[in-house]
Every structure is written in structure tokens, then in C-alpha cells.
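Listed below, chain by chain, are the residues.
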Amino acid sequence: MRLKEKVALITGASSGIGKETALLFAREGAKVTLVARNEKALHQVGAEIENSGGAAIVAPADVTAPEDCSGSVEAAIRQFGKLDILVNAAGIIGSGAITNTTLESWREMMRVNLDSVFLMMQLAVPYLEKTKGGAIVNVSSVTGLRAFPNVLAYCVSKAGVDQLTRCTALELAPKGIRVNAVNPGVVVSNLHRRGGMDEQKYTSFLEHSKSTHPLGRVGEARDIAEAILYLAADAAGWITGVTLSVDGGRQLTCAR
């Protein structure tokens, strides 16, 4: 019960890394506020937590809408009275190079992957400060650390998340708030499917990715959730400003 009596808010909690993190946090004793656009899927996650004896509330929100973000934080405080942990796991991906990425696609990537993280952090800080040990964990990507072709806007958005993490770690340390990020490699989820990859291409992509990750496999959402749990828990109480690669060694490799 590494998060006993803790209250966490998790964006992107309806699927993938966000969902797995919510389920793991609940098993570890946290009370969880579930945030995402897909209300039906959120309720399913909430029911799974409650059926296992945990505590969760559903706060449907579009993280690109400031009023939705504010409402989700307010819902957590209303229900649980405090906030100890913020996990920013909501995100999108899309293909495109400098020659064919539209301005609107670029802006949408920044709105979802970077602006929402900034806004959720800003809204959560006053409450995290009160806990005298608040923690923020942002879900970034190996693409924030290394350059990859044809996912330009995604790479830049995640590099922004990494620098946002480092800068705010310095700013918030005097308030007792730790800020860290995890940088996954390829993880089995709906991210790439929602980004436009059909099932055949996605299957081929996963198979190819086994050869690009030195440990010989792609990641599972649980791999990332465990790292998020560590950074959010008191065991990581002297860690802040870290961008933790959880990628089977992918960030170590060069094109070949």
C-alpha cells in the first residue's frame, strides 16, 4: 500500500498508460480522480476500481479546455478534500514531417500534449503545496529525448514536456512539490491506432519494434505504470526533475 491515504488525479485515465496507472494506484491505496474525454470508458475504469474495494470518481474532461481542467481539479478536492499526486498521461500522436505538417495539426499536438500538462500543473500546484509532499509525474516519450523522422510535432511536444518538467521541478522544490517524467518507448496501447495506424500496419510496427528496443520486446502499460508509481510514492522523496527512460533501452540506440 505505497499510496495509502494519498489522493491522485490522472488524465488520460480511460485507456493505456493512464488507465493502468489508475488501477495500480488504487491497488496501492490511493483515492483516484479519473479524467478523460471518453466518459463511458472512464466509468468502466471507475467500476473496476470500486469493485476491487478502491475509491474513485469520474471527472470527464477535455484537457484542451481550461474550464474542464479546472472542473476536474475541483471535483477531486470536493470529493476527497485534498490532492497529493497529479499524473499527466493524456496524449495523442500523429505522423508528419516539416514539409507536410499543417499548422492546425501542429497546434493540436501542442494543445493536447503540452498545453494541457502546463495547465493541469498550474491548477494543481496550490493543492499539492498544502500536502507538504506533493508529486507530479508527466508521461513524456523517448521522442522527447531523441529525434525521430516523420513524427515532428509529437517529438517537439514531448521535448517540451521534458523541459517543462525540469523547469518546474526547480520552481516547485521550495514548495515541497516534486516533478518528474517518464519517457516510454513503444508501448502496446491505442495511441498509434488513434493516430491513424490501421491494424495491419500496427501489427507490423510492433513486430519491427522488437528489433529497435535492445531488450527485444515492446512495452506494456504496466511497465510504465510501475515507474510512475515509484516516482509518485514517498520512496522517491529525494528525486525531482528526472526524465526516466522506461523503454527497453531504446534511447541508447542509433539508426541502423
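Look up: the structure comes first, before these words.
A. Region of the structure containing helix H2 (residues 39–51). With 13 residues, H2 ought to run about 18 Å at 1.5 Å a step, and its terminal C-alpha atoms sit 18 Å apart, in line with that. Within H2, burial applies to Ala41, Leu42, Val45, Gly46 and Ile49. In a view along the axis of H2, the buried residues occupy a sector of 140°, so they form one face of it. Exposed residues pointing more than 90 degrees away from the buried face of H2 are listed as Lys40 and Asn51.

B. Examining the packing of helix H4 (residues 103–130) against helix H5 (residues 152–172) more closely. At a minimum axis distance of 8 Å, the contact between H4 and H5 shows a crossing angle of 15°. Relative to H5, the element H4 is oriented roughly parallel. In this structure, the crossing between H4 and H5 has a hand that is right-handed. Residues Trp106, Met109, Met110, Asn113, Leu114, Val117, Phe118, Met121 and Val125 of H4 pack against Leu152, Ala153, Tyr154, Val156, Ser157, Lys158, Gly160, Val161, Leu164, Thr168 and Leu172 of H5.

C. Main features of the nonpolar core. Counting 34 residues, the largest nonpolar core has Phe25, Val32, Leu34, Ile49, Val182 and Ile228 as the members making the most contacts within it. The element that contributes the greatest number of residues to this core is helix H8 (residues 221–232), accounting for 8 residues. Not counting the four nearest positions on each side in its chain, Val32 is found in contact with Ala8, Ile10, Ala22, Phe25, Ala26, Ala55, Ala56, Ile57 and Phe80. Counting residues in each nonpolar core, the second largest holds 30 residues, with Ala59, Val117, Leu119 and Ile177 among its members.

D. Representation of the side chain of Thr165 within the structure. Mapped onto the fold, Thr165 is located in helix H5. A polar side-chain atom of Thr165 sits 3.0 Å from a polar atom in the side chain of Asn138. In contact with Thr165, other than residues within four places in its own chain, are Asn138, Val179, Asn180, Ala181 and Val242.

E. Just the pattern of salt bridges, in detail. For the structure shown, the criterion picks out 11 salt bridges. We note a salt bridge from Asp234 to Lys6, for which the minimum N-O separation is 3.3 Å. Here Asp234 is found in the loop between H8 and strand E7 (243–246), whereas its partner Lys6 is found in the segment before strand E1 (7–11), with 228 residues between them in sequence. For Asp234, a relative accessible area of 53% puts it in the exposed group. Between Lys82 and Asp84 there is a salt bridge, with the nearest N and O atoms lying 3.2 Å from each other. Looking at Lys82, the relative accessible area reads 31%, which means it is partly exposed. Among the charged side chains, a network of salt bridges with common partners joins Arg2, Glu28, Arg222 and Glu226.

F. Region of the structure containing H8. In this model, H8 (12 residues) spans 16 Å end to end at C-alpha, consistent with the 16 Å of a helix rising 1.5 Å per residue. If you follow the buried residues of H8, they end up packed against helix H1 (16–27), strand E4 (85–88), strand E5 (135–139), strand E6 (178–184) and E7.

G. Representation of unusual backbone geometry in the model. Positive phi is not limited to glycine here, since Glu5 has a value of about 70°. Overall, Glu5 belongs to the exposed group, its relative accessible area being 51%. If you check the backbone angles, Lys132 has positive phi at about 55° while not being a glycine.

H. Expanded view of the state of the cysteines. Considering all chains together, one arrives at 0 disulfides under this definition. Cys254 supplies the cysteine sulfur nearest to Cys155, a cysteine that is in no disulfide, at a spacing of 15 Å. The exposure class assigned to Cys254 is exposed, which follows from its relative accessible area of 57%.

I. Examining the sheet that holds E7 more closely. As summarised here, the arrangement of the 7 strands in space is E3-E2-E1-E4-E5-E6-E7, forming an open sheet in which the pairing is parallel. Each of the sheet's edge strands pairs with one partner strand only, and the pair in question is strand E3 (55–58) and E7. Strand-to-strand twist in this sheet, taken as the mean axis angle between neighbours without regard to direction, amounts to 20°. Pairing of E1 with strand E2 (residues 31–35), which is carried by 5 bridges, proceeds in the parallel orientation. Residue Val7 lies in a different strand from E2, and its bridge partner there is Lys31.

The rules behind these values
- Residues numbered from 1 in each chain as written.
- Predicted model: local features only at pLDDT ≥ 70, side-chain atom pairs only at ≥ 80, totals over all residues.
- Heavy atoms only, no water.
- Helix = DSSP H or I, 4+ residues; strand = E, 2+ residues; numbered from the N terminus.
- Expected span 1.5 Å × (residues − 1).
- Buried < 20%, exposed > 50% of the residue type's maximum accessible area, 1.4 Å probe, protein only.
- Arc of directions from axis to C-beta.
- Axes fitted to C-alpha atoms, helices over the stretch in contact; angles between N-to-C directions.
- Parallel < 35°, antiparallel > 145°, perpendicular 65-115°, else oblique.
- Left-handed = near helix turned anticlockwise from the far one by under 90°.
- Contact = heavy atoms within 4.5 Å.
- Core = buried A, V, L, I, M, F, W, Y, C linked by side-chain atoms within 4.5 Å.
- Polar contact = N/O pair within 3.5 Å; in protein donor to acceptor, adjacent residues only side chain to side chain.
- Salt bridge = Lys/Arg side-chain N within 4 Å of Asp/Glu carboxyl O.
- Disulfide = S-S within 2.5 Å.
- Pairing = 2+ DSSP bridges.

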